[in-house]
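# Descriptive analysis of the structure
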Amino acid sequence: MPTSALKKKNWWSNRDSASALQARAWVSAGYQVEAVDLAQQTVTFQTFQATYQVQHKDGAIDWQGRAIKALRVYKGLNQEQFASELGVRRETVSEWENSKYEPDRSKRKLLNIIAKQANFGDLESDS
């Protein structure tokens, strides 16, 4: 661990930014820091249940980057595991989540099936 992790409580903040790769890792895995005790050198993590506002279009989830990441995190998977489930490369999942491009029609259908099986989002409503 870097020295700053042992001396600075703010190193353990739950911010999800490009400069806080460590926080991105635990937040993406569904955890957040609950308590930090630098004197005892302990950190307590807790799981959190995030609320996702999923956009719908024509009765199906609109698979934009945020919805794809929300489904992956909801299922408790990292990008590699999610990519394997979808039959794509990990980089493809990353590019979808960062809105570099969108999944094609067949992958959107597969995402809908996976979401329905996981009880993610309300596939019947159209917002």
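Just so we're clear, the structure is a prediction, and the values are computed from it rather than from any experiment.

### Some thoughts on a positive patch on the surface
Together, Lys 57, Arg 105, Arg 108 and Lys 109 give the surface a local cluster of positive charge. Here the positive patch takes three residues from helix H6 (residues 105-117), the largest share from any one element. With respect to the helices, strands and loops of the structure, Lys 57 is situated in strand S3 (residues 56-57).

### A word on helix H5 (residues 90-97)
For an α-helix, 3.6 residues make a turn, and residues three or four places apart therefore share a direction. Three or more residues of H5 are buried, namely Thr 92, Val 93, Ser 94, Trp 96 and Glu 97. Positive backbone phi, at 60 degrees, marks Ser 99, one or two positions downstream of H5.

### Side note on the packing of helix H4 (residues 79-86) against H5
It is at 8 Å that the axes of H4 and H5 come closest, and there the two elements cross at 105 degrees. With respect to H5, the axis of H4 lies roughly perpendicular. Across the interface between the two elements, Gln 79, Glu 80, Phe 82, Ala 83 and Leu 86 from H4 touch Arg 90, Val 93, Ser 94, Trp 96 and Glu 97 from H5. When grouped by side-chain class, the residues that make up the contact of H4 with H5 number five nonpolar, two polar and three charged.

### Focus on the pairing of strand S1 (residues 31-37)
With six bridges joining them, S1 and strand S2 (residues 42-47) adopt antiparallel strand pairing. Considered in S2, the bridge of Asp 37 is made with Thr 42. Counted between consecutive antiparallel strands, the loop separating S1 from S2 contains four residues, among which Gln 41 sits at a positive phi close to 55 degrees.

### Examining the pattern of salt bridges
Summed over all chains, the structure comprises five salt bridges. With its nearest N and O atoms 2.5 Å apart, the salt bridge here joins Glu 97 to Arg 72. Taken as a pair, Glu 97 in helix H5 and Arg 72 in helix H3 (residues 65-74) lie far apart in primary sequence, 25 residues in all. For Glu 97, a relative accessible area of 12% gives the class buried. Residue Arg 72 is classed as buried on the basis of its relative accessible area of 4%.

### Side note on the side chain of Glu 97
Side-chain polar atoms of Glu 97 contact the side chain of Gln 79, separated by 2.9 Å. Other than its neighbours up to four places away in sequence, Glu 97 contacts Gly 65, Ile 68, Lys 69, Arg 72 and Gln 79.

### Thoughts on H6
Its 13 residues give H6 an end-to-end C-alpha distance of 19 Å, which sits within 8% of 18 Å, the value for a rise of 1.5 Å per residue. Among the residues of H6, Leu 111, Asn 112, Ile 114 and Ala 115 are the ones counted as buried. Along H6, the residues classed as buried sweep out an arc of 165 degrees about the axis, all on the same side. Away from its buried face, by an angle of more than 90 degrees, H6 presents the exposed residues Arg 105, Lys 116 and Gln 117. On its buried face, H6 sits against strand S4 (60-61), H3 and H4. Directly after H6, the chain includes Asn 119, whose backbone phi takes a positive value near 55 degrees.

Rules behind the numbers
Residues numbered from 1 in each chain as written. Predicted model: local features only at pLDDT ≥ 70, side-chain atom pairs only at ≥ 80, totals over all residues. Heavy atoms only, no water. Patch = residues over 30% accessible without salt bridge, like charges linked within 9 Å, V, L, I, M, F, W, Y side chains within 5 Å. Areas by Shrake-Rupley, 256 points an atom, 1.4 Å probe, with all protein chains shown as cover. Salt bridge = Lys/Arg side-chain N within 4 Å of Asp/Glu carboxyl O. Lys, Arg positive; Asp, Glu negative; His and termini not counted. Charge placed at Lys NZ, Arg CZ, Asp CG, Glu CD. Helix = DSSP H or I, 4+ residues; strand = E, 2+ residues; numbered from the N terminus. Buried < 20%, exposed > 50% of the residue type's maximum accessible area, 1.4 Å probe, protein only. Axes fitted to C-alpha atoms, helices over the stretch in contact; angles between N-to-C directions. Parallel < 35°, antiparallel > 145°, perpendicular 65-115°, else oblique. Contact = heavy atoms within 4.5 Å. Nonpolar A, V, L, I, M, F, W, Y, C, P; charged D, E, K, R; others polar. Pairing = 2+ DSSP bridges. Polar contact = N/O pair within 3.5 Å; in protein donor to acceptor, adjacent residues only side chain to side chain. Expected span 1.5 Å × (residues − 1). Arc of directions from axis to C-beta.

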